Amino acid sequence: QVQLVESGGGSVETGGSLRLSCVASGYTSYSMAWFRQAPGKEREGVAAIGSDGSTGYSDSVKGRFTISQDNTKNVLYLQMNSLKPEDTAMYYCVAVGPRMTAIQALSVMPTAIPIGNWGQGTRVTVSS
C-alpha cells in the first residue's frame, strides 16, 4: 500500500511562513520531493531530499524553503519562510523514485512520475 497525505497549506501575507506536511507510507529508499504548479505555469520541482539524505532546491526558493523528513513517523516537511506572491501555487508531495540523490530527483520530469506517487496537493496563497 502506498499513501501520500498532505496538509498545511493556506493563505498568508507576503513575508509570512507555512509548514507543509506529508504523511508517506509504502516507500523504501525513495527520494522525496515537493513540486508546485501555479495557474498557467509548468509544474516544477522546488525541493527534494535524496535517499542518501542529500537536499536540493530550485533557485527560486533556495534560502527560504527547507525540506526535511522524519523517517520514524514517515513524514515529509517543507518549511516555507519569507513567502512571496510568486510562491502562490498548488504544492504536491512526491515520491520521485528509488536510490536517487536530491539533484537527480529534481531533474526528473513530472510526467515520468507515476500518478500514484503524487499527493493530492495543498494550496498555498500569498497575498501582497
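Just above sits the structure.
Residues numbered from 1 in each chain as written. Predicted model: local features only at pLDDT ≥ 70, side-chain atom pairs only at ≥ 80, totals over all residues. Heavy atoms only, no water.

> Report on the pattern of salt bridges, specifying residues and quantitative values.
Here the structure, examined in full by the defined rule, presents 3 salt bridges. Across the pair D87 and R36 runs a salt bridge whose closest N-O atoms are separated by 2.9 Å. Here the residue D87 occupies a position in the loop between strand 8 (75-80) and strand 9 (89-98), and R36 occupies one in strand 4 (residues 30-37), the gap between them amounting to 51 residues. Neither D87 nor R36 differs from the other in exposure class; each is buried. (Salt bridge = Lys/Arg side-chain N within 4 Å of Asp/Glu carboxyl O. Helix = DSSP H or I, 4+ residues; strand = E, 2+ residues; numbered from the N terminus. Buried < 20%, exposed > 50% of the residue type's maximum accessible area, 1.4 Å probe, protein only.)

> Give me the lowdown on the sheet that holds strand 7 (residues 65-70), citing residues and values where you can.
Sheet architecture is open: 4 strands sit in the order 1-3-8-7, paired in antiparallel fashion. Both edges of this open sheet fall to strand 1 (3-7) and strand 7, since each of them pairs with a single strand only. Recorded for the sheet is a direction-independent mean angle of 15 degrees between the axes of neighbouring strands. Both strand 1 and strand 3 (residues 18-25) contribute to a ladder of 5 bridges, which runs antiparallel. Directly across from V5, in strand 3, lies its bridge partner V23. (Pairing = 2+ DSSP bridges. Axes fitted to C-alpha atoms, helices over the stretch in contact; angles between N-to-C directions.)

> Lay out the sheet that holds strand 10 (residues 122-127) with the relevant residues and their values.
The mixed open sheet is built from 6 strands, whose spatial order is 2-10-9-4-5-6. With one partner strand each, in any of the chains shown, strand 2 (10-13) and strand 6 (55-57) form the two edges of the open sheet. Direction aside, neighbouring strands of the sheet carry axes that sit 25 degrees apart on average. Bridge count between strand 2 and strand 10: 4 bridges; the pairing is parallel. What sits directly across from G10, in strand 10, is V124.

> Please give an account of the packing of aromatic side chains that cites residues and values.
Scanning all chains against the criterion turns up 2 aromatic pairs. Here the aromatic rings of F35 and W118 are separated by 5.3 Å at their centres, their planes lie at 65 degrees, and the arrangement is edge-to-face. Pair noted here: F35 is in strand 4 and W118 is in the loop between helix 1 (102-107) and strand 10, with a separation of 83 residues, a long-range link. In this pair, the class of F35 matches that of W118, namely buried. Geometrically, the ring pair formed by Y92 and W118 is edge-to-face, given 5.9 Å between the ring centres and 85 degrees between the ring planes. Of the two residues, Y92 sits in strand 9 while W118 sits in the loop between helix 1 and strand 10, which places them 26 residues apart along the sequence. Take Y92 and W118: they sit in the same class, and that class is buried. Aromatic ring contacts, followed pair by pair, group F35, Y92 and W118 into a single cluster. The side chain of R43 reaches across the aromatic face of Y92, ending 4.2 Å from its centre. Sitting above the plane of the W118 ring, R43 keeps its charged end 4.7 Å from the centroid. (Phe/Tyr/Trp six-rings, centres within 6.5 Å; stacked < 30°, edge-to-face > 60°. Lys NZ or Arg CZ within 6 Å of the ring centre and 35° of its normal.)

In short, geometric facts, not functional conclusions.
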